[in-house]
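Spelled out from the first residue to the last, the chains are:
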Amino acid sequence: MYNKNMNKQDQRIQLVASSEFRQEVDKWRRNQTDIPSHSESIRRLVKIALRLEKGETMKMITAIIRPHKYNDVRDSLITIGIEGLSATEIKGFGRQRGQTEIYRGAEYKTTEVPKIKIELVVPTEKVEEVVDLISKTSETGKVGDGKIFITDVDRAIRIRTGETQEDAL
Ligand SMILES: Nc1ncnc2c1ncn2[C@@H]1O[C@H](COP(=O)(O)OP(=O)(O)OP(=O)(O)O)[C@@H](O)[C@H]1O
Ligand SMILES: [Mg+2]
């Protein structure tokens, strides 16, 4: 599937612009950690614009799961090429307010139960695959299996290299 000529830069594109345009590009360029060349800056800026135009921002997937399911979820995500995530031990409650049994008419006492919160930012086209995998891997069918929330992510930056957007994931 991977075509090694896909990123070959063998097409010359002439560009005439104002000095203000050039200065703006240069200012952006100097703010990048790796200070790309002018050509590379314009390539990156055009790619960012094209992704924004298509609404192809990245997504943050926040999954709250049972702690004993975490290792399986993490391992399965690695098998589909996920290269990073954050996991936090949290406590929370859902509709049963942490109670395993509901007594009609009984006064509720809310108890937070331990869960793991996974946060991972993925390219938009990977969202369905990741959500399906997390759901499938963490489901027991009993109350308290958890939730998945999906939100838009505008920007991402890899600090060491200055790579941005999906290249930074
Ligand atoms: N609306 C919410 N916002 C943020 N976190 C939530 C929300 N609902 C649930 N959580 C978190 O998810 C955890 C698991 O929730 P849980 O699966 O029990 O939800 P539920 O709505 O009660 O569904 P179920 O009936 O399947 O138990 C909670 O302990 C809490 O940390
Ligand atoms: Mg619940």
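Every value quoted in this text rests on a predicted model; they were computed, and no experiment measured them.

1. Focus: the pairing of strand β3 (residues 113-123)
Item 1. Examined bridge by bridge, strand β1 (residues 58-65) and β3 share eight bridges and lie antiparallel to one another. Across the sheet, Thr62 pairs through a bridge with Glu119, a residue of β3.
Item 2. Bridge count for strand β2 (residues 86-92) against β3 is seven bridges, and the pairing is antiparallel. Looking across to β3, one finds that Lys91 is bridged to Pro114.

2. Some words on the site of ligand 1
Item 1. Residues in close proximity to ligand 1 total 14 residues, the closest being Ile64, Gly92, Gly94, Arg95 and Val143.
Item 2. Counting only elements with at least two residues in the shell around ligand 1, the list comes to β2 and β3.
Item 3. Considered class by class, the residues forming the shell around ligand 1 number five nonpolar, five polar and four charged.

3. Let's talk about the nonpolar core
Item 1. Listed in full, the 12 residues of the largest apolar core are Met58, Ile61, Ala63, Ile65, Val73, Leu77, Ile116, Ile118, Leu120, Val122, Val130 and Ile134.
Item 2. Among the elements of the structure, β1, α3 (70-79), β3 and α4 (127-138) are those that each provide at least two residues to this core.
Item 3. What Ile61 contacts, discounting residues up to four positions off in sequence, is Leu120, Val122, Val127, Val130, Val131, Ile148 and Ile150.

4. Focus on the sheet that holds strand β4 (residues 147-153)
Item 1. Spatial strand order, β2-β3-β1-β4: four strands in an open sheet with antiparallel pairing. Strand pairing shows two members of the sheet lacking a second neighbour, β2 and β4, which therefore form its edges. When the angles between neighbouring strand axes are averaged without regard to direction, this sheet yields 25°.
Item 2. Together, β1, β3 and β4 form the strand contacts of α4, whose direction differs from that of β1 by roughly 5°.

The rules behind the values
Residues numbered from 1 in each chain as written. Chains lettered and ligands numbered in written order. Predicted model: local features only at pLDDT ≥ 70, side-chain atom pairs only at ≥ 80, totals over all residues. Pairing = 2+ DSSP bridges. Helix = DSSP H or I, 4+ residues; strand = E, 2+ residues; numbered from the N terminus. Near = placed C-beta within 6 Å. Nonpolar A, V, L, I, M, F, W, Y, C, P; charged D, E, K, R; others polar. Core = buried A, V, L, I, M, F, W, Y, C linked by C-beta atoms within 7 Å. Buried ≥ 20, exposed ≤ 12 C-beta atoms within 10 Å, placed from the backbone. Contact = placed C-beta atoms within 7 Å. Axes fitted to C-alpha atoms, helices over the stretch in contact; angles between N-to-C directions.

Take it as geometry only, folks, not as evidence of what the structure does.
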